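The residues making up each chain are set out below.
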Amino acid sequence: MQKGYYEMACITISMAKSFKERLSRFSWVNWSEIGREEVLKRYIFEKYLKTGKLAKEENEFCKKIDWHPVDELPLKKEFIKELQKVQKNSYSKKVHSKDINQWFEEL
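Predicted, not measured: the structure shown is a model, and the values here were computed from it.

Enquirer: Looking at this structure, I do not really get the side chain of Lys41. What am I missing?
Expert: On the secondary structure map, Lys41 appears in helix α2 (residues 31-51). In this structure Lys41 comes out as buried when scored by relative accessible area, which is 16%.

Below, the structure is given as structure tokens:
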């Protein structure tokens, strides 16, 4: 990542008083951290769209929060068609209780 990447800046966000009151009900949530992560995710996503790559630090961040920019991309039409085929067909064999009992006896 770029030099100065971790330098802190202060951002103020305006919101309706009613919304702020709703957020205050969750006093255990660190809203600043959530905001930081979301801004960083947006930065990483935009960069990934342009380059198709992640820097080491960006990849580590993504692993830490179990997210990847590709998660935000729409599914490819070919993949959707394949999923629809799977939904239409039965790919598993029906098993009867006598078969299960026999299988357990063989164990």
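Enquirer: Can you walk me through the pattern of salt bridges in this structure?
Expert: Any two side chains of opposite charge can pair, so long as their charged atoms come close to each other. In this structure the tally under the stated criterion is 5 salt bridges. Glu46 is paired through a salt bridge with Arg42; the nearest N and O atoms lie 3.0 Å apart. In this pair, Glu46 and Arg42 are both assigned in helix α2, 4 residues apart and thus about one turn of the helix distant. We classify Glu46 as partly exposed; its relative accessible area is 31%. Owing to a relative accessible area of 53%, Arg42 belongs among the exposed residues under this scheme. Between Lys47 and Glu58 there is a salt bridge, with its nearest N and O atoms 3.1 Å apart. One end of the pair, Lys47, is in helix α2; the other, Glu58, is in helix α3 (residues 56-64), with 11 residues separating them in the sequence.

Enquirer: Quick question: what am I supposed to make of a nonpolar patch on the surface here?
Expert: Nonpolar side chains collect at one region of the surface, where Val95, Ile100, Trp103, Phe104 and Leu107 lie side by side and expose about 560 Å² of accessible area between them. When you line up the elements, Trp103 lands in helix α5 (residues 97-106). Classification of Trp103 as partly exposed rests on a relative accessible area of 48%.

Enquirer: Looking at this model, I keep getting lost on unusual backbone geometry. Mind explaining?
Expert: Non-glycine residue Asp66 carries a positive phi angle of around 55 degrees. Tracing the chain through its elements places Asp66 in the loop between α3 and α4 (77-88).

Enquirer: Mind showing me how you'd approach the nonpolar core here?
Expert: Judged by nonpolar contacts, Leu40, Ile44, Phe45, Phe61, Cys62 and Trp67 together constitute the single largest core of 6 residues. At the level of secondary structure, the elements contributing two or more residues to this core comprise α2 and α3. Those residues in contact with Phe61 that sit more than four places away from it in its chain are Glu37, Leu40, Lys41 and Ile44.

Enquirer: Could you clarify how one ought to interpret the side chain of Glu58 in this entry?
Expert: With relative accessibility at 0%, the residue Glu58 sits in the buried group. Only 2.8 Å separates the side chain of Glu58 from the backbone nitrogen of Ala55, close enough to count as a polar contact.

Enquirer: Can you walk me through α2 in this structure?
Expert: Turn by turn, an α-helix covers 3.6 residues, leaving residues three or four places apart pointing in a common direction. Over its 21 residues, α2 runs 30 Å from end to end, which matches the ideal 30 Å to within 8%, given 1.5 Å per residue. Looking only at α2, the buried set comprises Leu40, Lys41, Ile44, Phe45 and Tyr48. The buried residues of α2 occupy one face: seen down the axis, they fall within an arc of 145 degrees. Those residues of α2 that are exposed and angled more than 90 degrees off the buried face are Val39, Arg42 and Lys50. Those residues of α2 hidden inside the fold are in contact with α3.

Rules behind the numbers
Residues numbered from 1 in each chain as written. Predicted model: local features only at pLDDT ≥ 70, side-chain atom pairs only at ≥ 80, totals over all residues. Heavy atoms only, no water. Helix = DSSP H or I, 4+ residues; strand = E, 2+ residues; numbered from the N terminus. Buried < 20%, exposed > 50% of the residue type's maximum accessible area, 1.4 Å probe, protein only. Salt bridge = Lys/Arg side-chain N within 4 Å of Asp/Glu carboxyl O. Patch = residues over 30% accessible without salt bridge, like charges linked within 9 Å, V, L, I, M, F, W, Y side chains within 5 Å. Areas by Shrake-Rupley, 256 points an atom, 1.4 Å probe, with all protein chains shown as cover. Core = buried A, V, L, I, M, F, W, Y, C linked by side-chain atoms within 4.5 Å. Contact = heavy atoms within 4.5 Å. Polar contact = N/O pair within 3.5 Å; in protein donor to acceptor, adjacent residues only side chain to side chain. Expected span 1.5 Å × (residues − 1). Arc of directions from axis to C-beta.

Function-wise, these values are silent; they only describe arrangement.
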